[in-house]
Amino acid sequence: MCSVEANPASDEYFEAQAHLYKHILSYINTTILKCAVQLRIPDIIHNHGQPITFPQFASTLELHPTKSASLERLARLLVHNGFLAAETKVNEEDEEMEAYTLTPCSKLLVKGMEPNLASMVLWFADTGCMAAFDLLGSWFKGEVNIIATEGSVWDVLDHDPQKLKSFNKAMASDSQMINVGLRDSKSIFQGLKSIVDVGDSPSTTCRIIAKAYPNLKCIVFDHPHVVAYCSASKNLSYVGGNMFESIPSADAVLMKWILHNWDDEDSLKVLKKCKEAIAKKGKEGKVIIIDAVIKEKENDNDMTEVKLLFDVLMMSLLNGKERTEKEWKKLLEAAGFKHYKITPCFGFRSIIEAYP
Ligand SMILES: C[S@@+](CC[C@H](N)C(=O)[O-])C[C@H]1O[C@@H](n2cnc3c(N)ncnc32)[C@H](O)[C@@H]1O
């Protein structure tokens, strides 16, 4: 018999090793999520309507017979990561079996349900998106100017209709979440007669707002080729242009997930154009920014990590950034905004209202 005494020093080593290996292999978490969406695992569990046992699950999925046991292992990791919940069920033969249900996260991946983030999973788990990060080290050394295997993100989207479609679907899926946040943020739109939503290619956000506020005149403003085939409805219209040149006049300008795409120099140019756009409304005009605010001392792990991940994503792919409150303040002041209010109401993103 062999007995090994616990050694705090070696415990620390092994914990460090496990932490390291977890991060080395974390790309598997991205790919198994993609695999779960492709196999329609959330849809199958949802459609079953009650906890689904493994044999029921495997037969619905029509798996290759040799792969059933492998699926159980995939499910075990999905349970560990919080994408499935497992409970024990007793079958007709009195045998105990695991049965799976959806969790709040996997409910967001069920086809036909809103909000639905399955397109976001497919967009970010795309091999092109993941492969681009291979170039990060070379980018830091100045050996490549952009971290992209096929040209800058906007170039790729301009020239690849299939990719543009997937990107728009992903953005639209994210904007469906706005509906959830809007329930709690009605005061944002009070007193406004018109709003221009800058850079809303799938126009999901603006359509949600136009529907929720039928008396508000809503304008989607994006590149001319992006809005060319969009059809206007009652209180929703489309205008093509370049936000660096001029933005249509309105009581408020909305920018969701726009400024994080750009560095401070370009963001400043856009904010100055926003200020011109709301000038007619005087002191009551405002710019509504929906973006992350990195807090120096934040303790919610998921929220902090997602902001920091997006920051590196923006830095790498677009030369953009997520900003701390101090950085937002500096940027807004430089653009001539006298005061601002931050309301954290969209999960890892906040509403920043900036006033002239
Ligand atoms: C990351 S997407 C954000 C989409 C949307 N706001 C959302 O959150 O789902 C950025 C958008 O900005 C638009 N855009 C980029 N440069 C622009 C410019 N110079 N003028 C107008 N729109 C622009 C793109 O076409 C795209 O629709």
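Because the structure is a prediction, the values reported are computed rather than measured.

Here the focus is unusual backbone geometry. E114 connects to P115 through a cis peptide bond whose omega is -5°. Along the chain, the position of P115 falls in the loop between helix 6 (104–107) and helix 7 (118–124). One non-glycine residue, R40, adopts positive backbone phi at about 60°. Within the secondary structure, R40 sits in the loop between helix 2 (27–38) and helix 3 (41–48). The class for R40 is partly exposed, based on a relative accessible area of 39%. Even without a glycine there, the phi angle at N319 is positive, about 60°.

Now for the domain arrangement of the protein. Here the protein is partitioned into domain 1 (11–107) and domain 2 (118–355). The partner domain 2 presents six residues to the seven residues of domain 1 that form the contact. The largest contributions to the domain 1 side of the interface with domain 2 come from T30, K34 and V37, which together make up 70% of the buried area. If you look at where domain 1 meets domain 2, you find zero salt bridges. Taken together, domain 1 and domain 2 are joined by one residue pair in polar contact (both at pLDDT 80 or more). Among the residues making up the side of domain 1 that touches domain 2, the classes are represented as three nonpolar, three polar and one charged.

Okay, the nonpolar core next. Ranked by internal contacts, the top residues of the largest apolar core, which has 43 residues, are I41, I45, F57, L78, L84 and Y100. Here this core takes five residues from helix 15 (residues 301–318), the largest share from any one element. Here this core spans two domains, since at least three of its residues come from each of domain 1 (11–107) and domain 2 (118–355). By size, the runner-up hydrophobic cluster in this structure holds 27 residues, among which are V196, I247, A250 and M255.

A few words now on the sheet that holds strand 12 (residues 349–355). Strand order in this open sheet of seven strands is 6-5-4-7-8-12-11, and the pairing throughout is mixed. A single partner strand is all that each edge strand has here, and the edge strands are strand 6 (236–240) and strand 11 (339–346). Between one strand axis and the next, the sheet turns by 20° as a mean value, whatever way the strands run. On the sheet, helix 14 (residues 264–277) packs against strand 7 (252–256) and strand 8 (286–291) and is oriented at approximately 150° with respect to strand 7. Along the sheet, helix 16 (residues 325–334) makes contact with strand 8, strand 11 and strand 12, crossing strand 11 at roughly 140°.

Applying the stated criterion to the full structure yields twelve salt bridges. Put simply, K286 and E353 hold a salt bridge, and the shortest N to O gap is 2.8 Å. One end of the pair, K286, is in strand 8; the other, E353, is in strand 12, and 67 residues separate them in sequence. As far as burial versus exposure is concerned, K286 and E353 are alike and both buried.

This brings us to the site of the ligand. In the vicinity of the ligand lie 19 residues, with G199, S201, D222, N242 and K256 positioned nearest. At a separation of 3.2 Å, a nitrogen atom of the ligand approaches a polar side-chain atom of H223. A distance of 2.9 Å separates a nitrogen atom of the ligand from a polar atom in the side chain of N242. Against a free-state accessible area of 600 Å², the protein chains account for coverage of 95% of the ligand.

Definitions and limits used
- Residues numbered from 1 in each chain as written.
- Predicted model: local features only at pLDDT ≥ 70, side-chain atom pairs only at ≥ 80, totals over all residues.
- Heavy atoms only, no water.
- Helix = DSSP H or I, 4+ residues; strand = E, 2+ residues; numbered from the N terminus.
- Buried < 20%, exposed > 50% of the residue type's maximum accessible area, 1.4 Å probe, protein only.
- Domains from an automatic or database assignment.
- Contact = heavy atoms within 4.5 Å.
- Buried area = accessible area lost by both parts, 1.4 Å probe.
- Salt bridge = Lys/Arg side-chain N within 4 Å of Asp/Glu carboxyl O.
- Polar contact = N/O pair within 3.5 Å; in protein donor to acceptor, adjacent residues only side chain to side chain.
- Nonpolar A, V, L, I, M, F, W, Y, C, P; charged D, E, K, R; others polar.
- Core = buried A, V, L, I, M, F, W, Y, C linked by side-chain atoms within 4.5 Å.
- Pairing = 2+ DSSP bridges.
- Axes fitted to C-alpha atoms, helices over the stretch in contact; angles between N-to-C directions.
- Near = heavy atom within 4 Å.
- Areas by Shrake-Rupley, 256 points an atom, 1.4 Å probe, with all protein chains shown as cover.

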